[in-house]
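# Structural overview for review
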Amino acid sequence: MKLTLVRDDETRLTRRRLLAVAAGTAGGLTIAAGSVGYRIGTHDSGGASTDAGSASATTTPTSTASTTTETSGSGAGRFRSRPDLQPPPVQVTHLFGSDRSPEPDSNATSPQQTGTTSAPQLAPYYFLTPKAYTPSAPINYQVGPMIIEPTGHVVWFQPSAQPIQKRAMDLRVQTYRGQPVLTWYEGKSANGYGKGTAKIVDSHYTTVATIKAVGGLKVDLHEFRITSRDTALITAYRTSTTDLTAIRGLRRGTIVSGVVQEIDIATGRLIFSWDSLDHVSPEMTYKKASADPTTQLDYFHINSIDEIDEHTLLISSRNTCAVYKIDKRTGKIIWQLGGKKSDFEHQVGTRFYYQHSASMVGVDEVLLFDNGGSPAMEPQSRALRLKINTDAHTVTMVRSLTHPAKLLSVTMGNVNQLTNGHYVVGWGSEPYFSEYAADGSLLLDAKMPNNIQSYRAFGADWIGNPTDKPALAVGTNAAGGATVYISWNGATRVATWRVRAGGTKAGLKHHATAARQGFETAVAVNSTGPYFQALAVDKNGHELGRSEIVKATV
């Protein structure tokens, strides 16, 4: 029997490029800054956009499974086998320096012709939490935590049942009790911060812990870190009153401070707490105080925590434009980088504004996402790697990463470094994320639909073993047989699908084997069944799971 996988010409071209990359070659097409394949997201665009008539209309849909599934242009990615899942499509617009246009430059060297440059190893998966930029505007997609491949194909998606009440943010891989887990924030988000809980799920996507803040506070969306001691570092916000006359505010003005709590995950016991108002004066803020007694001044806006060691933290404050090294034993600030009273002399290009996602690299370098916007202080956002000299009190530039479209992200965003030295950058309020080589060259760039954004983006490996069964749907094909659509949400070890068919449930026989193609694989089978079943098989030929036996209805 001849097996047929349905693809159109564009997806054949995309597949050939990806195969060439996997074989260790690199494309010869390059994208100049701000040119082909890029478009800045429209924040108030309302529904989904196909970017018709814009530069991004040249990007290629990333589906390689079927022309009827996992499409990424207009409309949601819809799957025959899982019609309940409608994740936002992701377009890979740039890959290893190659333009992903459906009409490449005929004079450019093809990937098959170069064969001299070894392809860098991209992150195995990317971790996103897509949501609507403007919550009141309609979108054609569900939102929630999502894992995708470098091809843009979905691996796992969990739609939020109540997008506003249970909004997911900050999906990433961490370690808990010696095992890799997925973590994210879940709850409300309004006025730039959250009120919810922190969630931990295992490789079966089963919840193993839910962390709550202590002392009447709620877990904030900005940070949730698991330490090597199996404790949780979380951000929270506290409202109080204080004298704001020094910054032209009220004598009893309402102020919002940033709080760090360390909580024992197993017991919920509070281990450590730090409040910005005890250590950083409201005079350090770049926000203006109001004479309106009903207005709260979010003077600090804590948005990241990095544990340097058991006794030392690195804390980022958006609204003081500063990063602080904190001694947990005393709560005192060891040094301040940036802001109105930086402890360092900043060399050219090292000033940052309204930053996010600050972390230490080694003992003397800081990695952070420099928004530079809202209000605009810089022409574009950057991911910065800075070297600090605590003896000379200087800070110098190590690396600056920018987007080809010169994106200026007014909120959110992050940068994280992978074990191979690569950087993954989430562009916050703009619907992009990117991966860069250690030398700063762009390896991959991807875009979600307009009005869709992800607070952060991470790259990591992950092994998912869902407890449910593979999903299967059956349709007819032009040859008179059946087309079987198969998926298994969250399963990362599936290499091939084996399809069984027969006239009775007890009489099923093997009819086809097909390599997994994205989230959903469409397999043409020369049988009318009417009973069908799919078997998931790993790369070593071991069976991982079986779908239910499904009877074709047409």
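Residues numbered from 1 in each chain as written. Predicted model: local features only at pLDDT ≥ 70, side-chain atom pairs only at ≥ 80, totals over all residues. Heavy atoms only, no water.

## With respect to the overall build of the protein chain
The helix and strand inventory of the protein chain stands at 2 helices and 36 strands. Taking all contacts inside the protein chain whose residues are at least 6 apart in sequence as the whole, residues at least 24 apart take part in 58%. For the protein chain, the accessible area works out to roughly 22,500 Å², and carbon and sulfur atoms hold 48% of it. (Helix = DSSP H or I, 4+ residues; strand = E, 2+ residues; numbered from the N terminus. Contact = heavy atoms within 4.5 Å. Areas by Shrake-Rupley, 256 points an atom, 1.4 Å probe, with all protein chains shown as cover.)

## Here we look at a positive patch on the surface
A contiguous patch of positive charge on the surface is contributed by Lys-188, Lys-195, Lys-212 and Lys-218. Position of Lys-218 relative to the elements: it lies in the loop between β9 (207-211) and β10 (224-226). (Patch = residues over 30% accessible without salt bridge, like charges linked within 9 Å, V, L, I, M, F, W, Y side chains within 5 Å. Salt bridge = Lys/Arg side-chain N within 4 Å of Asp/Glu carboxyl O. Lys, Arg positive; Asp, Glu negative; His and termini not counted. Charge placed at Lys NZ, Arg CZ, Asp CG, Glu CD.)

## Digging into the environment of Gly-187
The topology assignment puts Gly-187 in strand β7 (residues 179-190). A sequence separation of 33 residues divides Gly-187 from Asp-220, and the C-alpha atoms of the two residues are 8.6 Å apart.

## Quick word on the pattern of salt bridges
Per the counting criterion, the structure on display carries 20 salt bridges. Linking Arg-238 and Asp-275 is a salt bridge whose minimum nitrogen-to-oxygen distance equals 2.6 Å. Taken together, the positions of Arg-238 in strand β11 (residues 231-242) and Asp-275 in strand β13 (residues 270-275) put the pair 37 residues apart, joining distant regions of the chain. Among the ionic pairs, Asp-364 bridges to Lys-387, the shortest N-O distance being 2.6 Å. Of the two residues, Asp-364 sits in the loop between β20 (356-361) and β21 (365-370) while Lys-387 sits in strand β22 (residues 382-389), which places them 23 residues apart along the sequence. Residue classification places Asp-364 among the partly exposed positions, given a relative accessible area of 25%. (Buried < 20%, exposed > 50% of the residue type's maximum accessible area, 1.4 Å probe, protein only.)

## A few points about the nonpolar core
Core analysis: the largest hydrophobic core is formed by 27 residues, its most contacted members being Tyr-126, Phe-433 and Leu-444. Secondary-structure elements contributing two or more residues to this core are β1 (91-95), β3 (125-132), β4 (146-148), β5 (154-157), β27 (442-447) and β28 (452-460). Broken down by element, the residue count for this core peaks at 3 residues, all from β27. The residues contacting Leu-444, other than those within four sequence positions of it, are Val-92, His-94, Leu-95, Leu-122, Tyr-126, Pro-150, Phe-433, Ser-434 and Glu-435. (Core = buried A, V, L, I, M, F, W, Y, C linked by side-chain atoms within 4.5 Å.)

## Topic: the environment of Tyr-353
With respect to the helices and strands, Tyr-353 occurs in the loop between β19 (345-346) and β20. Discounting residues that sit within four places of it in the chain, Tyr-353 has contacts with Cys-321, Asp-370, Asn-371, Gly-372, Met-377 and Glu-378.

## Here we look at the sheet that holds strand β33 (residues 520-525)
Ordered in space as β29-β30-β33, the 3 strands form an open sheet in which the pairing is antiparallel. Looking at which strands have only one partner, the edges of the open sheet turn out to be β29 (471-476) and β33. Taking each pair of neighbouring strands and ignoring which way they run, the sheet shows an average axis angle of 20°. (Pairing = 2+ DSSP bridges. Axes fitted to C-alpha atoms, helices over the stretch in contact; angles between N-to-C directions.)

## Looking at the side chain of Arg-382
Mapping Arg-382 onto the fold places it in strand β22. Here the side chain of Arg-382 touches Arg-351 through a polar contact of 2.9 Å, landing on its backbone oxygen. (Polar contact = N/O pair within 3.5 Å; in protein donor to acceptor, adjacent residues only side chain to side chain.)

## A closer look at the sheet that holds strand β17 (residues 322-327)
In space, the 4 strands of this open sheet follow the order β15-β16-β17-β18, with antiparallel pairing throughout. The outermost strands of the open sheet, each flanked by one partner alone, are β15 (302-309) and β18 (333-338). Averaged over all pairs of adjacent strands, the angle between their axes in this sheet comes to 20°, without regard to strand direction.

## A look at empty space enclosed by the protein
This structure, assessed with the given rule, holds 4 cavities of 30 Å³ or more. Taken as a whole, the second largest cavity holds about 50 Å³ of empty space. For the second largest cavity, the full set of lining residues is Val-154, Val-155, Ser-487, Trp-488, Ala-491, Val-494, Trp-497, Arg-516, Gly-518 and Phe-519. Of the residues in the lining of the second largest cavity, the class split is 7 nonpolar, 2 polar and 1 charged. (1 Å grid on protein atoms, 1.4 Å probe; cavity = no way out; pocket = protein on both sides within 12 Å on 5 of 7 lines; lining within 4 Å. Points joined across faces, edges and corners; volume = space filled by probe spheres on them. Nonpolar A, V, L, I, M, F, W, Y, C, P; charged D, E, K, R; others polar.)

## Focus: the side chain of Asp-275
Taking relative accessible area as the criterion, Asp-275 reaches 8% and is therefore assigned buried. One polar contact links Asp-275 to Ser-257, side chain to side chain, over a distance of 2.9 Å. For Asp-275, the contacting residues outside a window of four places in its chain are Arg-238, Ser-257, Gly-258 and Val-259.

## Quick look at unusual backbone geometry
Following Ser-374, the chain continues into Pro-375 via a peptide bond in cis, with omega recorded as 0°. Along the chain, Pro-375 turns up in the loop between β21 and β22. Put simply, Gly-529 and Pro-530 share a cis peptide bond, and its omega is 15°. Considering the arrangement of structural elements, one finds Pro-530 in the loop between β33 and β34 (531-537). Its identity as a non-glycine residue notwithstanding, Asn-191 has a phi of 60°, on the positive side. Tracing the backbone shows Asn-191 in the loop between β7 and β8 (193-201).

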